[in-house]
Amino acid sequence: MASAQRHIGLGMIFACLASTLIFGLAVKAPCAGGDWSDGRQNTHFCYSDIEPLFGTEQLSAGRLPFLDACSSHQGECDEYPVLTMYTMRVAAWASSSAGNDIAGFFYANVTLLTVAAFVVALLLYLLVGRRALYFALAPTLLVYGFINWDLVAVALATAGTFAYLRRRDVWSGVFLGLGAAAKLYPALLVVPFVAGRFREREPDRGIHLAWTCVGTWLALNAPFAIASPQAWWEFFRFNSARSADWDSLWFLGCHRVTGNLYCLHTRAINVASVVIFGMGTFAVWRWKRRHEPNFARWTLGFPILIVFLLSNKVYSPQYGLWLLPWFALTLPNLPLFLAFSVSDVAVFLTRFSWFARYAGSGGLPIGAFEIAVAVRAIVLVVCVVAWVQRRGTFTGADPPIEPIRAEVAV
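Residues numbered from 1 in each chain as written. Predicted model: local features only at pLDDT ≥ 70, side-chain atom pairs only at ≥ 80, totals over all residues. Heavy atoms only, no water.

Asks: Please provide a residue-by-residue account of helix α11 (residues 190-199), values included.
Replies: Within α11 the residues assigned to the buried category are V190, P192, F193, V194, G196 and R197. On its buried side, α11 packs onto α9 (150-165), α10 (169-180), α12 (203-227), α16 (301-311) and α17 (324-330). Note on α11: the residue one or two positions beyond its end, R201, has a positive phi of about 60°. (Buried < 20%, exposed > 50% of the residue type's maximum accessible area, 1.4 Å probe, protein only. Helix = DSSP H or I, 4+ residues; strand = E, 2+ residues; numbered from the N terminus. Contact = heavy atoms within 4.5 Å.)

Asks: Outline the packing of aromatic side chains, supporting the account with residue identities and numerical values.
Replies: Counting across every chain of the model gives 39 aromatic pairs. Judged by centre distance (6.0 Å) and plane angle (70°), the rings of Y80 and W149 are edge-to-face. With Y80 in the loop between α4 (50-56) and α5 (82-94) and W149 in the loop between α8 (139-144) and α9, this residue pair connects regions lying 69 residues apart in the sequence. The side chain of K288 reaches across the aromatic face of W387, ending 4.8 Å from its centre. In this structure, R376 is placed above the aromatic ring of Y315, and the distance from its NZ or CZ to the ring centre is 3.7 Å. (Phe/Tyr/Trp six-rings, centres within 6.5 Å; stacked < 30°, edge-to-face > 60°. Lys NZ or Arg CZ within 6 Å of the ring centre and 35° of its normal.)

Asks: Outline a nonpolar patch on the surface, listing residues and values.
Replies: On the surface, F198, I207, W211, V214 and L218 cluster together to form a nonpolar patch covering roughly 510 Å² of accessible area. Per-element tally for the nonpolar patch: the top contributor is α12, with four residues. For F198, the location among the structural elements is in helix α11. Judged by its relative accessible area of 44%, F198 falls in the partly exposed class. (Patch = residues over 30% accessible without salt bridge, like charges linked within 9 Å, V, L, I, M, F, W, Y side chains within 5 Å. Areas by Shrake-Rupley, 256 points an atom, 1.4 Å probe, with all protein chains shown as cover. Salt bridge = Lys/Arg side-chain N within 4 Å of Asp/Glu carboxyl O.)

Asks: Describe the environment of R290, naming the residues involved and giving the relevant values.
Replies: By the secondary structure assignment, R290 is in helix α15 (residues 266-291). With 98 residues separating them along the chain, R290 and V388 place their C-alpha atoms 9.5 Å apart.

Asks: Explain the packing of α16 against helix α19 (residues 366-389) to me, and be specific about the residues and the numbers.
Replies: Interaxial distance between α16 and α19 falls to 10 Å at its minimum, and their mutual angle equals 155°. Classified by the interaxial angle, the pair formed by α16 and α19 is roughly antiparallel. Here the hand of the crossing between α16 and α19 comes out left-handed. Along the contact surface, α16 presents F302, P303, I306 and L310, while α19 presents A377, L380, V381, C383, V384 and W387. Within the contact of α16 with α19, the residues separate by chemical class into 10 nonpolar, no polar and no charged. (Axes fitted to C-alpha atoms, helices over the stretch in contact; angles between N-to-C directions. Parallel < 35°, antiparallel > 145°, perpendicular 65-115°, else oblique. Left-handed = near helix turned anticlockwise from the far one by under 90°. Nonpolar A, V, L, I, M, F, W, Y, C, P; charged D, E, K, R; others polar.)

Asks: Hey, could you go over the pattern of salt bridges for me, with residue numbers and the actual values?
Replies: Applying the stated criterion across every chain yields a total of 16 salt bridges. Ionic pairing is found between D150 and K183, a salt bridge with its closest N-O pair at 3.3 Å. Of this pair, D150 sits in helix α9 while K183 sits in the loop between α10 and α11; the two residues are 33 residues apart in sequence, bridging distant segments of the chain. There is no split in this pair, since D150 and K183 are both buried. Across the pair E234 and R237 runs a salt bridge, and its minimum N-O distance is 2.7 Å. Of this pair, E234 and R237 both sit in helix α13 (residues 229-241), separated by three residues, roughly a single helical turn. Several salt bridges converge on common partners, so that one network encompasses R167, D169, R197, E200, E202 and R205.

So, in structure tokens, the structure goes:
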């Protein structure tokens with residue numbers, strides 16, 4: 001086993017990751033210029049949020065997000081968290097030498113996201129060796145890696161997890177706080193991480209982690225919240241008011257029941273999502289504890305993210321990236337990983353094929369898309385069940401790294 005393990009070194013992991021990202025970039029390249037008048041973003045499956053947001057977030061000039069007002073005739077902007085907005089801002093500055101063109105902005109962001117992807121692969125390799133391939137070769141990464149800025153948050157969340165498993169709790173809190181300033185989901189990981197420290201009878205470590213996370217998030221957000229509270233609050237207002245996202249189970253249910261493409265009663269859905277998320281998380285925790293009383297609490301991060309995705313009204317296409325490191329860390333089950341990958345990519349393909357049909361360019365009906373959404377949800381539920389039933393490799397505060405890296409069977 002050890003000799004087989006040595007054949008999968010960091011160089012091979014990086015080569016596989018580079019291949020995945022190159023193919024992903026080739027898929028997105030036809031849309032890089034931003035001229036989508038022929039509907040290519042749907043028919044060529046090359047859609048990315050990056051190109052349109054260059055204009056809608058008003059980054060073509062030197063506007064500073066949150067600090068400089070949005071031009072009213074161009075609509076609202078600053079609809080992302082602080083760190084994501086300033087990642088966009090840095091990419092826009094980096095592409096300014098190319099004349100502020102959309103393609104330059106796209107490729108500048110691709111560079112930043114590629115760096116983030118390599119950070120994730122490196123950290124996973126240091127933790128679980130060859131199982132980093134669950135990230136490096138993931139079809140989800142190929143399709144969604146350059147569709148939005150989630151890889152930044154994934155890198156920071158993975159860094160927070162790495163620091164936690166290395167017992168660097170303050171640094172774990174710092175990275176999770178930074179991640180929450182890019183996308184809020186890394187903040188969810190604070191719960192299982194703190195629970196793990198309390199389980200190990202080291203509450204001070206857990207408290208330090210939590211407060212460091214909160215402090216880091218506040219340090220990044222407070223200056224903008226004070227200087228321009230309305231602009232800073234726009235992210236929260238926008239997400240609270242938006243209707244159920246296409247890829248969510250809420251949309252599927254609303255459309256099946258009402259026939260409408262926009263799910264009404266947004267406030268009720270917001271409340272129901274929070275309640276279902278809380279109840280679902282508690283139920284999974286109790287179930288796992290009964291099945292394996294001494295399980296490592298930090299591994300709850302995996303089912304927590306799944307319950308959040310299934311209960312939330314927004315399941316943006318790229319959110320599947322959040323789960324990839326957790327397959328490598330806590331559920332290295334190749335059949336389930338492949339099932340998730342196929343269903344996740346199927347959602348992408350049927351979604352944009354339906355968009356093409358809706359725009360009059362031909363494509364699959366909405367029913368095919370909804371079937372893909374339902375199948376993915378079923379696969380994710382099965383993943384939670386498998387996680388509960390699997391006896392975890394990690395059972396203590398400081399996981400044994402070498403035995404995991406020597407594991408060949410998935």
